[in-house]
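So you can see what is in the structure, the chains are spelled out below.
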Amino acid sequence: MRVKRIGVLLTQIGTPDAPTITAVRRYLRHFLSDQRVVDYHPWFWKPLLYSMILTFRPKRSAALYKEIWTEAGSPLRVHMVNQQQSLQKMLGDHYRVELGLAYSEPSIKQALSQFREEGIQDITVLPLFPQYSSSTTASIYDTVYFEARGGRGSRVKTLPRFIPTLRFIGAYYDHPLYIHALADHLRTHVSGLSYVPDQYIFTFHGVPQRYVETGDPYYEQCEVTAKLLASELGLGQQDWVMSFQSKFGPERWVTPATFDIINNLPAKEIKAPVIFAPGFAADCLETIHELGIEGREVFINAGGSVHTYAVIPCLNDSHPWITLLASLVRQEAMSNE
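Residues numbered from 1 in each chain as written. Predicted model: local features only at pLDDT ≥ 70, side-chain atom pairs only at ≥ 80, totals over all residues. Heavy atoms only, no water.

**Some thoughts on the sheet that holds strand β8 (residues 310-311)**
Spatially, β6-β5-β7-β8 is the arrangement adopted by the four strands of the open sheet, whose pairing is parallel. Two strands lie at the open edges of the sheet, namely β6 (240-245) and β8, each paired on one side alone. As defined by bridge partners, strand β7 (residues 273-276) adjoins β8 across two bridges and the pair is classed as parallel. In the sheet register, I275 faces β8, and the bridge partner there is V311. Sheet strands in contact with helix α8 (residues 218-233) are β5 (199-205), β6 and β7, and its direction is about 145° off that of β6. (Pairing = 2+ DSSP bridges. Helix = DSSP H or I, 4+ residues; strand = E, 2+ residues; numbered from the N terminus. Contact = heavy atoms within 4.5 Å. Axes fitted to C-alpha atoms, helices over the stretch in contact; angles between N-to-C directions.)

**Quick word on a nonpolar patch on the surface**
Together, F44, L48, M52 and F56 line one region of the surface with nonpolar side chains, adding up to about 410 Å² of accessible area. On the basis of relative accessible area, L48 is assigned to the partly exposed category, the value being 31%. (Patch = residues over 30% accessible without salt bridge, like charges linked within 9 Å, V, L, I, M, F, W, Y side chains within 5 Å. Areas by Shrake-Rupley, 256 points an atom, 1.4 Å probe, with all protein chains shown as cover. Salt bridge = Lys/Arg side-chain N within 4 Å of Asp/Glu carboxyl O. Buried < 20%, exposed > 50% of the residue type's maximum accessible area, 1.4 Å probe, protein only.)

**Comments concerning helix α11 (residues 319-335)**
Compared with an ideal rise of 1.5 Å per residue, which puts 17 residues at 24 Å, α11 spans 24 Å between its outermost C-alpha atoms and is within 8% of the ideal. Turning to α11, its buried residues number three or more, namely P320, W321, I322, L324, L325, A326, L328, V329, E332 and A333. Those residues of α11 that are buried lie in contact with β1 (6-12), α3 (75-91), β2 (95-101), β3 (122-127), β4 (165-168) and α6 (176-190). (Expected span 1.5 Å × (residues − 1).)

**As for the UniProt feature "binding site: Fe(2+)" (unreviewed entry) in the protein**
Under the feature "binding site: Fe(2+)" (unreviewed entry), the UniProt entry names H205 and E286. For this annotated set, covering 82 residues, all C-alpha atoms fall within 8.4 Å of each other, a compact arrangement in space. Along the chain, H205 falls in strand β5. What makes H205 partly exposed here is its relative accessible area of 28%. Aside from chain neighbours lying at most four places away, what touches H205 is Y218, F244, Q245, S246, W253, F280 and E286. Residue position: E286 is located in helix α10 (residues 285-301). Contact partners of E286, with chain neighbours within four places excluded, come to H205, Q245, S246, F280 and L291. (UniProt positions renumbered as here; feature names shortened; annotations may be inferred.)

**Section: the pattern of salt bridges**
Scanning the model with the defined rule gives ten salt bridges in all. Among the ionic pairs, D122 bridges to R167, the shortest N-O distance being 3.1 Å. With D122 in strand β3 and R167 in strand β4, the pair connects residues that are 45 residues apart, well separated along the chain. There is no split in this pair, since D122 and R167 are both buried.

**Considering the sheet that holds β1**
The strand order β2-β1-β3-β4 describes an open sheet built from four strands, whose pairing is parallel. Each end of this open sheet is capped by a strand with a single partner; those strands are β2 and β4. Put simply, the sheet's adjacent strands are angled 25° from each other on average, direction ignored. Together, β1, β2 and β3 form the strand contacts of helix α4 (residues 108-117), whose direction differs from that of β2 by roughly 155°.

**Quick look at the pairing of β5**
In terms of residue burial, β5 counts as a mostly covered element, since six of its seven residues are buried. Where β5 meets β6, six bridges bridge the pair, whose relative direction is parallel. Its bridge partner lying in β6, Y200 is registered against W240.

**Thoughts on the state of the cysteines**
Applying the stated criterion to the full structure yields zero disulfides. A disulfide-free cysteine, C284 has its sulfur positioned 6.2 Å from the sulfur of C314, the nearest such atom. A relative accessible area of 10% places C284 in the buried class. (Disulfide = S-S within 2.5 Å.)

**Comments concerning the packing of aromatic side chains**
By convention here, two paired aromatic rings are described through the distance between centres and the angle between planes. A full pass over the atoms with the stated rule returns 15 aromatic pairs. Seen from their ring centres, F31 and Y103 are 5.2 Å apart, and the 65° between their planes marks the pair as edge-to-face. One end of the pair, F31, is in helix α1 (residues 21-32); the other, Y103, is in the loop between β2 and α4, with 72 residues separating them in the sequence. Every member of this aromatic cluster is reached through a ring pair, and the members are Y27, F31 and Y103. (Phe/Tyr/Trp six-rings, centres within 6.5 Å; stacked < 30°, edge-to-face > 60°.)

**Let's talk about the nonpolar core**
The tendency in soluble globular proteins is for nonpolar side chains to be buried side by side. Among the nonpolar cores identified, the biggest contains 68 residues, and L87, Y172, L186, F202, W321 and L325 are the most heavily contacted of them. The element that contributes the greatest number of residues to this core is α11, accounting for eight residues. Excluding its chain neighbours within four sequence positions, the residues that come into contact with L87 are V8, L10, V97, I322, L325 and A326. Of all hydrophobic cores here, the second largest spans 33 residues; its members include Y27, V37, A62 and Y103. (Core = buried A, V, L, I, M, F, W, Y, C linked by side-chain atoms within 4.5 Å.)

**Concerning the pairing of β7**
Judged by which residues are buried, β7 turns out to be covered on both faces: P273 and I275 on one side and V274 and F276 on the other are all buried. In this structure, β5 lies alongside β7, joined through four bridges in parallel fashion. Counterpart to Q199 in the pairing with β7 is P273. In terms of handedness, the path from β7 via α10 over to β8 forms a crossover that is right-handed. (Right-handed = clockwise from strand over helix to strand, strands pointing away.)

Okay, here's the thing in structure tokens:
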């Protein structure tokens with residue numbers, strides 16, 4: 001009897017294909033055109049996007065990407081390939097793990113096509129976003145549904161005859177294995193420092209305050225993650241703080257801002273901070289450059305020492321993280337047997 005294979009779609013937002021103005025512009029055009037990401041009315045947003053943002057921002061972003069680019073390519077894509085391979089190895093041949101990025105390649109469309117070619121009809125979608133947000137997780141959901149039914153410009157006569165069974169793994173911000181993975185990862189890296197940290201900063205990607213006020217549970221889930229992680233590490237209330245980074249545009253975003261927190265550390269006699277981004281599944285521009293380079297400059301300019309500022313890498317393909325992902329996939333499969 002032939003054993004039915006289960007497809008696992010490992011999904012993320014994406015990354016430019018190259019650290020060039022053209023590649024970054026192409027990526028940003030796709031990313032910032034999604035109304036899940038920027039929900040302003042197209043009549044207002046599209047002229048601003050094409051006349052201003054896509055004219056000036058790609059040059060600056062491309063320069064930043066060049067500083068962190070590796071011989072193997074974008075750090076995010078490199079880490080995701082490693083995650084895919086590690087998860088495939090842990091799950092075994094009963095599963096088929098594919099990468100699918102929402103705004104770049106390998107795309108979600110390509111992953112679904114690969115599953116179809118292999119005759120895989122049962123697909124588990126695993127967004128690499130522990131905390132749900134309408135601008136990330138929901139965007140992934142939208143794209144998967146869209147591509148599964150045929151994609152842009154589909155007509156009735158060309159719609160696919162068969163749509164696979166799609167199962168979506170929801171937020172896992174408070175999953176015990178996730179909290180364990182974060183804590184174990186932090187302990188390992190902090191133990192290798194030459195000093196004892198006097199402040200932990202748990203920084204998450206920010207969202208507009210308006211999103212939270214209109215029903216997005218992201219802020220609350222970040223808060224739960226931060227509190228559970230602090231408790232797992234045995235930190236006192238004064239030993240850690242939660243903050244938010246990567247603000248974009250003039251709109252009010254959730255606070256406190258990570259750079260504001262870092263800038264105020266020396267004045268508070270906090271000399272040895274540890275910066276960690278629990279919500280990022282893999283190191284990328286926002287962690288390597290924004291926190292590791294720009295954040296360090298903020299700390300030094302405020303009077304801090306270059307020798308006592310540490311940014312802990314993301315979970316990437318660490319064993320506890322892959323163990324969590326495998327557990328989520330298997331649990332989803334068991335619940336549907």
